[in-house]
Amino acid sequence: MEDRKITVRYGKSGDVGLVYKFLKGLAEYEEAEDIFTVDEETLESELFERKQAEVIFVMVDEKEVGMALFFQNFVGYTGCGGLFLDSFFVEEEYRGMGCGKALFEEMRRIARERGGARTEWICLDWNQSSIDFYLAQGAKRLDTCRTYRLTI
């Protein structure tokens, strides 16, 4: 296979169509289309006007092929900020090329730059390929916690 240039860039206003496309792809992959209700107008408002979260894209030869959507949080035990990775997706044909690793490296860089203590996320328990990828990146599974949700 020829050498492919893998780069990462921050999302900006005008990228909402890409964010929507990758979120929809993630919802399909996770078999969660029934709860996928966001629209591009909401994404534009929340991400790029209200700055509720940030997005970085991974690109292969200058084509966006995946993204990580995250937001800043605070870790009370350490007194440091952290990042919560809400959505992580790489198009299937680009998996195994280092795109996910490039996104994770950028997440590490961002967390370090901001003085963060850690990055956390949730992974579906049946998603073994993602679990294997996360473990290969040095992630540790937390068996001491359970996720709860209060829908308002």
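Above this text you will find the structure in question.
Everything quoted here is computed from the prediction, not taken from an experiment.

On to the sheet that holds strand E1 (residues 6-10). Taken together, the 5 strands give an open sheet; going across it, the order is E1-E2-E3-E4-E5, and neighbouring strands pair in mixed fashion. Each edge of the sheet is formed by a strand with only one pairing partner; in this case those strands are E1 and strand E5 (119-121). Across this sheet, the average inter-strand angle for adjacent strands is 30°, counted without regard to direction. When strand E3 (residues 63-75) meets strand E4 (residues 80-90), the two strands line up antiparallel, connected through 10 bridges. Counted as the bridge partner of Val75 is Cys80 from E4. Each of E1, strand E2 (54-60), E3 and E4 touches helix H1 (residues 16-29); the most contacted strand, E3, lies at about 85° to it.

As a further point, take the environment of Tyr20. Following the sequence through the fold, Tyr20 ends up in helix H1. Remark: the alpha-carbon pair of Tyr20 and Leu43, spanning 23 residues in sequence, is separated by 7.6 Å. Not counting the four nearest positions on each side in its chain, Tyr20 is found in contact with Phe36, Val38, Asp39, Glu40 and Leu43.

Okay, H1 next. When the terminal C-alpha atoms of H1 are compared, their 20 Å separation across 14 residues agrees well with the 20 Å that a helix rising 1.5 Å per residue should span. Among the residues of H1, Val16, Val19, Phe22, Leu23, Gly25, Leu26 and Ala27 are the ones counted as buried. Contacts from the buried residues of H1 go to helix H2 (40-49), E2, E3 and E4. Two residues or fewer past H1, Glu31 is found with a positive phi of approximately 55°.

Our next topic: a negative patch on the surface. Together, Asp39, Glu40, Glu41 and Glu49 give the surface a local cluster of negative charge. Relative to the elements of secondary structure, Glu41 occurs in helix H2.

Here we come to the pattern of salt bridges. For the coordinates displayed, the defined rule picks out 13 salt bridges. A salt bridge links Glu64 to Arg9, with the shortest nitrogen-to-oxygen separation between them at 2.8 Å. One end of the pair, Glu64, is in strand E3; the other, Arg9, is in strand E1, and 55 residues separate them in sequence. The pair Glu64 / Arg9 is uniform in exposure class, with both members buried.

Criteria and cut-off values
- Residues numbered from 1 in each chain as written.
- Predicted model: local features only at pLDDT ≥ 70, side-chain atom pairs only at ≥ 80, totals over all residues.
- Heavy atoms only, no water.
- Pairing = 2+ DSSP bridges.
- Helix = DSSP H or I, 4+ residues; strand = E, 2+ residues; numbered from the N terminus.
- Axes fitted to C-alpha atoms, helices over the stretch in contact; angles between N-to-C directions.
- Contact = heavy atoms within 4.5 Å.
- Expected span 1.5 Å × (residues − 1).
- Buried < 20%, exposed > 50% of the residue type's maximum accessible area, 1.4 Å probe, protein only.
- Patch = residues over 30% accessible without salt bridge, like charges linked within 9 Å, V, L, I, M, F, W, Y side chains within 5 Å.
- Areas by Shrake-Rupley, 256 points an atom, 1.4 Å probe, with all protein chains shown as cover.
- Salt bridge = Lys/Arg side-chain N within 4 Å of Asp/Glu carboxyl O.
- Lys, Arg positive; Asp, Glu negative; His and termini not counted.
- Charge placed at Lys NZ, Arg CZ, Asp CG, Glu CD.

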